[in-house]
Amino acid sequence: MTVEEVIYFIEMTIVIWFLFQSGYAMAVLLVGRVMIEYYEWGIFENPSTLYEKTINTLLTVTAGVGPFIYKKLYKVNWFFRKILMLLFLILFGIAGIVIYQIVSISLRSLFL
């Protein structure tokens, strides 16, 4: 495996992570409480074992941004919650592009 392939793998991992997070956040925006309930079914309340903590960590890392922001917006009425969630998605997309570019330029300047 060459350095170029490793850099490409790291870049695509970042892209896939941001796309998955954005996709789940978009589903939370569109469906709302239903996606939050599915997310909550997948996590353990007060995890005590290493297995439960691992499951919670993996689920939070892969799909946790959308439900986290949506839960923070529960105090706002439905219409503004949707608008703020859409604004968050736009900002999250911009942040993803910026982070991807920073990592890509940094890796390429260091190793190529």
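Residues numbered from 1 in each chain as written. Predicted model: local features only at pLDDT ≥ 70, side-chain atom pairs only at ≥ 80, totals over all residues. Heavy atoms only, no water.

Now for the overall build of the protein chain. When its secondary structure is counted, the protein chain shows five helices and zero strands. N-terminal to C-terminal, the α/β element order of the protein chain is α-α-α-α-α. Based on the C-alpha atoms only, the size of the protein chain along its principal axes is roughly 50 × 40 × 15 Å. Within the protein chain, the proportion of its 112 residues that are buried is 28%. Pairs at least 24 apart in sequence give 67% of the contacts found in the protein chain among residues at least 6 apart. Here the protein chain has roughly 7,700 Å² of accessible surface; of this, 76% comes from carbon and sulfur atoms. Between the averaged position of the 8 positive side-chain charges in the protein chain and that of its 7 negative side-chain charges there is a distance of 14 Å. (Helix = DSSP H or I, 4+ residues; strand = E, 2+ residues; numbered from the N terminus. Buried < 20%, exposed > 50% of the residue type's maximum accessible area, 1.4 Å probe, protein only. Contact = heavy atoms within 4.5 Å. Areas by Shrake-Rupley, 256 points an atom, 1.4 Å probe, with all protein chains shown as cover. Lys, Arg positive; Asp, Glu negative; His and termini not counted. Charge placed at Lys NZ, Arg CZ, Asp CG, Glu CD.)

In regions of low pLDDT, the predicted coordinates are not meant to be interpreted in detail. Of the residues in the protein chain, 100% reach a pLDDT of 70 or more, and the chain-wide mean stands at 94. The least confident element of the protein chain, judged by mean pLDDT, is helix α2 (residues 33-42) at 91; the most confident is helix α5 (residues 78-111) at 96. (pLDDT = per-residue confidence, 0-100.)

Summarising the element assignment, R81 is placed in helix α5. One buried charge, R81, has no salt-bridge partner; the nearest side chain with opposite charge is E37, at 11 Å. Polar side-chain contacts of R81 include one of 3.5 Å to the side chain of Y70. In this structure, R81 is in contact with Y70, L73, Y74 and V76, ignoring residues within four places of it in sequence. (Salt bridge = Lys/Arg side-chain N within 4 Å of Asp/Glu carboxyl O. Polar contact = N/O pair within 3.5 Å; in protein donor to acceptor, adjacent residues only side chain to side chain.)

Let us now look at the packing of α2 against helix α4 (residues 65-72). Two packed helices can be described by the angle between their axes and the distance between those axes. Axis separation between α2 and α4 bottoms out at 10 Å; the angle between their running directions is 120°. Taken together, α2 and α4 sit at an angle that is classed as oblique. Handedness of the crossing formed by α2 with α4: left-handed. Residues R33, I36, Y39 and E40 of α2 lie in contact with α4, whose contacting residues are P67, Y70 and K71. Tallied by class, the residues present in the contact of α2 with α4 amount to four nonpolar, no polar and three charged. (Axes fitted to C-alpha atoms, helices over the stretch in contact; angles between N-to-C directions. Parallel < 35°, antiparallel > 145°, perpendicular 65-115°, else oblique. Left-handed = near helix turned anticlockwise from the far one by under 90°. Nonpolar A, V, L, I, M, F, W, Y, C, P; charged D, E, K, R; others polar.)

Turning next to unusual backbone geometry. Even without being glycine, N46 reaches a positive phi, approximately 50°. On the secondary structure map, N46 appears in the loop between α2 and α3 (50-63).

Attention now moves to the nonpolar core. With 16 residues, the main nonpolar core has Y24, A25, V28, Y70, M85 and F88 as its most contacted residues. Tallying contributions element by element places helix α1 (residues 3-31) first for this core, with six residues. With sequence-adjacent residues up to four places away left out, Y70 is seen in contact with V28, G32, R33, I36, R81, K82 and M85. (Core = buried A, V, L, I, M, F, W, Y, C linked by side-chain atoms within 4.5 Å.)

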